[in-house]
Amino acid sequence: MSVNILVLFYGYGTIVDLAKEVTKGSEEEGGQVRLRRVRETIYPELIEKYSIPLDSVKDIQEVSLDDMEWADGFVIGSPTRYGNMAGGLKTFLDTTAPLWKKGSLYGKPVGFFTEASTVHGGHETTILTMATYAFHFGMVIVPLGYGIPEISTSVTGGSPYGASHLSSSKELDNNERIIARFLGKRVTQVAKKLKS
């Protein structure tokens, strides 16, 4: 059975790498994937001042509400901002009220991924803040638990809550890649079961 999976993220840099690994995992499980990003909301003068690399995501389409309705399952990611999801993702999610009103996402599975610059900088709390969205929509939250050994052995990213990356390291390590792919596979597996 084919299922449609939306991998949705805010950001640039290694959060994009995580999103691409999640996408690969879903595709390996037979998911039809749309990789989408949310619109940048940082003030234009700060983009230049802080040399934010928006060119790194220019080839990835911005998400639309049609993408949200198309999906049978979701994997949503954001870098941490003070232990919370980034404002850009929150801004987009706030526009999805019409879908909430129609019940368009009710019962659909969702998993989460994030990155933080320190081990205790918000990996788990950021996933929890993204999950509050899913509670209000009646979605089925798909945690990783300890489904693969890398979740127990990784010293950088990944937890029972979802995939993550320690962004003080400029590249994903092997465990982080494996965990991100597992997240994509797991959400796709659950989507298939719920759709059947």
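Scroll up to find the structure this text is about.
Now for a quick tour of the structure. (Residues numbered from 1 in each chain as written. Predicted model: local features only at pLDDT ≥ 70, side-chain atom pairs only at ≥ 80, totals over all residues. Heavy atoms only, no water.)

1. Focus on the side chain of glutamate 21
- Inspection of the secondary structure puts glutamate 21 in helix α1 (residues 14-28).
- Take glutamate 21: its relative accessible area is 4%, and that puts it in the buried class.
- A polar contact is formed between the side chain of glutamate 21 and the side chain of arginine 177, at a distance of 2.8 Å.
- Here glutamate 21 is in contact with Leu172, Arg177, Ala180 and Arg181, once residues within four sequence places are set aside. (Helix = DSSP H or I, 4+ residues; strand = E, 2+ residues; numbered from the N terminus. Buried < 20%, exposed > 50% of the residue type's maximum accessible area, 1.4 Å probe, protein only. Polar contact = N/O pair within 3.5 Å; in protein donor to acceptor, adjacent residues only side chain to side chain. Contact = heavy atoms within 4.5 Å.)

2. Points about the side chain of aspartate 67
- With respect to the secondary-structure elements, aspartate 67 resides in helix α3 (residues 65-70).
- In this structure aspartate 67 comes out as buried when scored by relative accessible area, which is 5%.
- Only 3.2 Å separates the side chain of aspartate 67 from the side chain of arginine 36, close enough to count as a polar contact.
- For aspartate 67, the residues in contact, after removing those within four places along its chain, are Leu6, Arg34, Arg36 and Glu62.

3. Some thoughts on the pairing of strand β5 (residues 109-116)
- A large share of β5 lies buried, amounting to 8 of its 8 residues.
- Side chains of β5 alternate between two faces, with Pro109, Gly111, Phe113 and Glu115 and Val110, Phe112, Thr114 and Ala116 buried alike.
- When β5 meets strand β6 (residues 140-141), the two strands line up parallel, connected through 2 bridges. Across the sheet, the residue bridging to proline 109 is valine 140, located in β6.
- Both β5 and strand β7 (residues 163-166) contribute to a ladder of 4 bridges, which runs parallel. Bridged to threonine 114 within β7 is serine 164. (Pairing = 2+ DSSP bridges.)

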